[in-house]
Structures are given as C-alpha cells and as structure tokens.
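# Chains, contacts and geometry: an overview
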Amino acid sequence: ELESQEELDTAVARLTAEDIDGLREDATVCCHAEQNKIWSTEPDGIEWEWYRITDDEPAEQPSVAEAACC
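Let me begin by describing the structure that accompanies this report. Fair warning: this is a prediction, and the values are worked out from it, not measured in the lab.

Another aspect to go through is unusual backbone geometry. Phi is positive for Asp19, close to 60°, though the residue is something other than glycine. In this fold, Asp19 is placed in the loop between helix 1 (5–17) and strand 1 (21–30).

Dropping the structure here:
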C-alpha cells in the first residue's frame, strides 16, 4: 500500500520502464475501499498489487463475489 498518488505514479513509472507493469485499475472498489492500483509480475511469476486507497468508505460497496478479489 502506498500513501500518496505521487508514490503510486512513481511505482507505475518504474514498473513500466522495467517492462513488468500489468493491469492498471483506477477508482476500483475492492475490499470495501476505493483504490487506484497496478499489478506487476516478477520473473518467478508472482503477482504484486501496488495500490493507494482513495476512499475507505465508498458509497458503492462490492458484492460478495467482487469482495473476493482480495
């Protein structure tokens, strides 16, 4: 978890430069919080989620199936 959008933007730039960036999701609701995130995959195939919580009490709450994303 990153504390600021600037930290997330820096991580995205670094991951993109190294060609290990993946799916980018902005304003997605997951785990009962709205987040901006990017996924990356390391050489061994392990996926990492880099995210910043933008709203920890969004009006739109995920369904049970959507909450399983975490």
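The next point concerns the sheet that holds strand 3 (residues 47–55). Spatial strand order, 1-2-3: three strands in an open sheet with antiparallel pairing. The open sheet is flanked by strand 1 and strand 3, the only strands paired with a single partner. Pairwise comparison of adjacent strand axes, ignoring direction, gives a mean angle of 15° for this sheet. Looking at chain direction, strand 1 and strand 2 (residues 33–41) are connected through six bridges and run antiparallel. Within the sheet, the bridge partner assigned to Thr28 lies in strand 2 and is Gln35.

To continue, consider the environment of Val29. Locating Val29 in the fold gives a position in strand 1. Since its relative accessible area comes to 17%, Val29 is described here as buried. Spatially, the C-alpha atom of Val29 lies 9.0 Å from that of Asp55, the residues being 26 residues apart in sequence.

Looking now at the pairing of strand 3. Pairing between strand 2 and strand 3: eight bridges, direction antiparallel. The partner of Thr41 across the bridge, within strand 3, is Glu47. Count of turn residues in the strand 2/strand 3 antiparallel hairpin: five residues, of which Gly45 carries a positive phi of about 90°.

The rules we used
- Residues numbered from 1 in each chain as written.
- Predicted model: local features only at pLDDT ≥ 70, side-chain atom pairs only at ≥ 80, totals over all residues.
- Heavy atoms only, no water.
- Helix = DSSP H or I, 4+ residues; strand = E, 2+ residues; numbered from the N terminus.
- Pairing = 2+ DSSP bridges.
- Axes fitted to C-alpha atoms, helices over the stretch in contact; angles between N-to-C directions.
- Buried < 20%, exposed > 50% of the residue type's maximum accessible area, 1.4 Å probe, protein only.

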